[in-house]
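Each chain is listed here by its residues.
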Amino acid sequence: MNAQQPQHNLTGIILMCAGVALLCVNDALAKGLMDHYSPIQIIFLRNSIALPFAALLAIKMVGFGGLRSNRIGVHFMRTVIWITATIMFFTSIHLMGLAEATALAFVAPLFITAISSVLIARVGWRRWVAVMVGFLGVLVIVRPGAATFEPVSLLPVATAFTYALLMLSARLLDPRESMWTLLFYLSFTSTLLSACAVWYFWTPIRAEDIGLFIAIAFVGTSGMTLITQAFRVADAPTVAPFDYTALVWATGLGWFFWGETPDLLTFVGAAIITGSGIFIIFREKRVAES
């Protein structure tokens, strides 16, 4: 074992937690902006503002070659998936609690495992049990058939499924491309594609919201950059579980800004989903090492 690895893992954990916190702030800003703007307009403005910074970051880290790709078509395909997921998630956090939507969206690793078993590689029974337990957590939160059931609660689940497709589609990318290149193309293609539709949903920007759009571009890009760097400097199974700290941030931000307080069953369901996801992460590490 590398003597420096424990220190690298600690650095990765710190970067991961900071990145997750920034992305939760990004979601909270989007929830506030959704009162006046469509998801497409938010996506367009966030990415068009962030694009120059993403380009400069790619150039600084890997040179001008970081702006080139041999598989631009794959980038555009993945961006369509990402925009679809973002629209659904922004709509869900506008219509329901931030913590509840975030908890449901965390079934993405379960979808990744289930889809992988069909398209990529065999998945053992232990991980299948974890997937089924995780979806039990979804049922605890959504409560289909109960008087409190709302169809909008299915949107974060659909977001998680779409996000799983996005993660699995990364296998189609050129493995020689750096993560900084991926970050640049996500901003670039998102700006182009959202520009094609934004004019149909355009709402004049209020002066008091200009700072919020700048902020959402900054925290969104910074959050993705920190998380990307976390996976570069530390072992993935070490830092990945800290993604679930988003539940703490989402709960706190939802309570502070909108007075949202998840009920007990939401916390129970979130705990089940989190436990299942963490089990899958460590089980996949053990399988990879065997």
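What you see is a predicted model, and the numbers here were worked out from it, not measured in a lab.

**So, the overall build of the protein chain**
When helices and strands are counted, the protein chain shows 12 helices and 0 strands. Whereas a compact globule of 290 residues would reach a radius of gyration of roughly 19 Å, the protein chain reaches 19 Å, a difference of no more than 12%. Its C-alpha atoms give the protein chain principal-axis dimensions of roughly 50 × 50 × 35 Å. The burial tally for the protein chain puts 48% of its 290 residues in the buried class. Accessible area for the protein chain stands at about 14200 Å²; split by element, carbon and sulfur atoms hold 70% of it. Side chains of the protein chain give 17 positive and 14 negative charges; the mean places of these two sets differ by 13 Å.

**Let's talk about the UniProt feature "domain: EamA" (unreviewed entry) in the protein chain**
What UniProt calls "domain: EamA" (unreviewed entry) maps, in this numbering, to residues 11–142 and 155–281. Split by type, residues 155–281 is 76% helix and 0% strand. Its first and last C-alpha atoms lie 24 Å apart.

**With respect to the packing of aromatic side chains**
Applying the stated criterion to the full structure yields 11 aromatic pairs. Between Trp199 and Trp202, the aromatic rings sit 5.4 Å apart at their centres with planes inclined by 35°, giving tilted as the arrangement. Its relative accessible area of 33% is what places Trp202 among the partly exposed residues. Cluster of aromatic residues (ring-pair linked, three or more members): Phe44, Trp199 and Trp202.

**Here we look at the environment of Ala99**
Secondary-structure assignment places Ala99 in helix α4 (residues 98–105). A C-alpha to C-alpha distance of 14 Å links Ala99 and Val20, two positions 79 residues apart in sequence. Excluding anything up to four places from it in sequence, Ala99 contacts Leu247, Ala250, Thr251, Glu260 and Pro262.

**Details of the environment of His94**
Examined against the element boundaries, His94 turns out to sit in helix α3 (residues 72–95). Residues His94 and Lys31, 63 residues apart in the sequence, show an inter-C-alpha distance of 5.3 Å. Not counting residues up to four positions away in its chain, the partners in contact with His94 are Lys31, Met34 and Asp35.

**Observations regarding the pattern of salt bridges**
For the structure shown, the criterion picks out 5 salt bridges. Here Arg206 makes a salt bridge to Asp209, at a shortest N to O gap of 2.8 Å. On the basis of relative accessibility, which here comes to 32%, the residue Arg206 falls in the partly exposed class. By relative accessible area, Asp209 is classed as buried at 3%. What you see here is one network of salt bridges that share partners, running through Arg206, Glu208 and Asp209.

Analysis parameters
- Residues numbered from 1 in each chain as written.
- Predicted model: local features only at pLDDT ≥ 70, side-chain atom pairs only at ≥ 80, totals over all residues.
- Heavy atoms only, no water.
- Helix = DSSP H or I, 4+ residues; strand = E, 2+ residues; numbered from the N terminus.
- Rg over C-alpha atoms; globule rule 2.2 N^0.38 Å.
- Buried < 20%, exposed > 50% of the residue type's maximum accessible area, 1.4 Å probe, protein only.
- Areas by Shrake-Rupley, 256 points an atom, 1.4 Å probe, with all protein chains shown as cover.
- Lys, Arg positive; Asp, Glu negative; His and termini not counted.
- Charge placed at Lys NZ, Arg CZ, Asp CG, Glu CD.
- UniProt positions renumbered as here; feature names shortened; annotations may be inferred.
- Phe/Tyr/Trp six-rings, centres within 6.5 Å; stacked < 30°, edge-to-face > 60°.
- Contact = heavy atoms within 4.5 Å.
- Salt bridge = Lys/Arg side-chain N within 4 Å of Asp/Glu carboxyl O.

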